[in-house]
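The primary structure of each chain is shown beneath.
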Amino acid sequence: MRTTKILNNQIANLNVMYVKLHHYHWYVTGEQFFTLHNKFEELFGEAAIHIDELAERSLALGEKPVATMSGYLELASVQEAKGDESARSMVEIVSNDYAQIISELKQGMLAAESVNDETTGDILLAIHSSLEKHVWMLNAFLE
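Reading guide: rules and limits
- Residues numbered from 1 in each chain as written.
- Predicted model: local features only at pLDDT ≥ 70, side-chain atom pairs only at ≥ 80, totals over all residues.
- Heavy atoms only, no water.
- Salt bridge = Lys/Arg side-chain N within 4 Å of Asp/Glu carboxyl O.
- Helix = DSSP H or I, 4+ residues; strand = E, 2+ residues; numbered from the N terminus.
- Buried < 20%, exposed > 50% of the residue type's maximum accessible area, 1.4 Å probe, protein only.
- Polar contact = N/O pair within 3.5 Å; in protein donor to acceptor, adjacent residues only side chain to side chain.
- Contact = heavy atoms within 4.5 Å.
- Expected span 1.5 Å × (residues − 1).
- Phe/Tyr/Trp six-rings, centres within 6.5 Å; stacked < 30°, edge-to-face > 60°.
- Core = buried A, V, L, I, M, F, W, Y, C linked by side-chain atoms within 4.5 Å.

(A) Structural context of the pattern of salt bridges. With the rule as written, the count across this model stands at four salt bridges. Among the salt bridges present, the one from aspartate 97 reaches lysine 20, with a minimum N-O distance of 2.4 Å. With a gap of 77 residues between them, aspartate 97 in helix α4 (residues 87–114) and lysine 20 in helix α1 (residues 3–27) connect regions that are remote in the sequence. As far as the burial class goes, aspartate 97 and lysine 20 line up, both buried. Here glutamate 42 ties to lysine 39 by a salt bridge, and the two come within 3.1 Å at their closest N and O atoms. Taken together, the residues glutamate 42 and lysine 39, both in helix α2 (residues 33–60) and three residues apart, mark about one turn of the helix.

Structure representation (structure tokens):
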């Protein structure tokens, strides 16, 4: 798989996550409101940084990063928010989505390595490391 395709898939995933996390930030309710409201804001802010890094790498490789909502939804392996999630299910969904993205990032790192694209591999590894930590923390929250 070309690294530019991998980059576009993750740009799509993270844009869907950005919108989903923003939605959860606005609509979370319950006893954990303050904790989750702040955490979701932190996560969508981080997603925006990752999106920009991936898009700039794609441009540096001479490709055009996906940049439309329809394009994101077509390429993403994660789904947008449904709108009726409880606070607990929001956390479970984000954790599961990040686990899916982590799996794809691992595949992307291998693909980047196979074509000696260390820069793309490093970018994917940095995102992988960040999301892995978030999954651990989100799962700890759920216990």
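(B) Inspection of the side chain of asparagine 8 at higher detail. Positionally, asparagine 8 belongs in helix α1. Judged by relative accessible area, which is 16%, asparagine 8 ranks as buried. A polar contact of 2.6 Å, which involves the side chain of asparagine 8, links it to the backbone nitrogen of valine 66. Those residues within four positions of asparagine 8 in sequence are excluded, and the remaining contacts are Lys64, Pro65, Val66 and Leu75.

(C) Up close: α1. Its 25 residues give α1 an end-to-end C-alpha distance of 36 Å, which sits within 8% of 36 Å, the value for a rise of 1.5 Å per residue. Burial analysis of α1 places 20 of its 25 residues in the buried class, which makes it a mostly covered element.

(D) Just the side chain of serine 130, in detail. Checked against the element boundaries, serine 130 lands in helix α5 (residues 118–142). For serine 130, a relative accessible area of 18% corresponds to the buried category. Setting aside residues no more than four positions away along its own chain, serine 130 makes contact with Glu46 and His50.

(E) Spatial organisation of the packing of aromatic side chains. Tallied over the entire structure, the rule returns three aromatic pairs. When the centroid spacing of 5.5 Å and the interplanar angle of 80 degrees are considered together, the rings of tyrosine 18 and phenylalanine 44 count as edge-to-face. Here tyrosine 18 is found in helix α1, whereas its partner phenylalanine 44 is found in helix α2, with 26 residues between them in sequence. Of the residues examined, tyrosine 18 reaches a relative accessible area of 27% and is grouped as partly exposed.

(F) Examining the nonpolar core more closely. Grouped together as the largest cluster of nonpolar side chains are 38 residues, with contacts concentrated most on Leu21, Phe40, Leu54, Val94, Tyr98 and Ile101. Among the secondary structure elements, those contributing two or more residues to this core are α1, α2, α4 and α5. In this view, isoleucine 101 contacts Gln10, Asn13, Leu14, Met17, Val78 and Leu131; residues no more than four positions away in its chain are not counted.

(G) Highlighting the environment of lysine 82. Mapped onto the fold, lysine 82 is located in the loop between α3 (69–75) and α4. Assessed through its relative accessible area of 70%, lysine 82 is described here as exposed. Lysine 82 sits 59 residues away from histidine 23 along the chain, and the two C-alpha atoms are 9.7 Å apart.

(H) Expanded view of unusual backbone geometry. The phi angle at asparagine 116 is positive, at roughly 55 degrees, despite the residue not being glycine. Mapped onto the elements of the fold, asparagine 116 is located in the loop between α4 and α5. For asparagine 116, a relative accessible area of 69% gives the class exposed.

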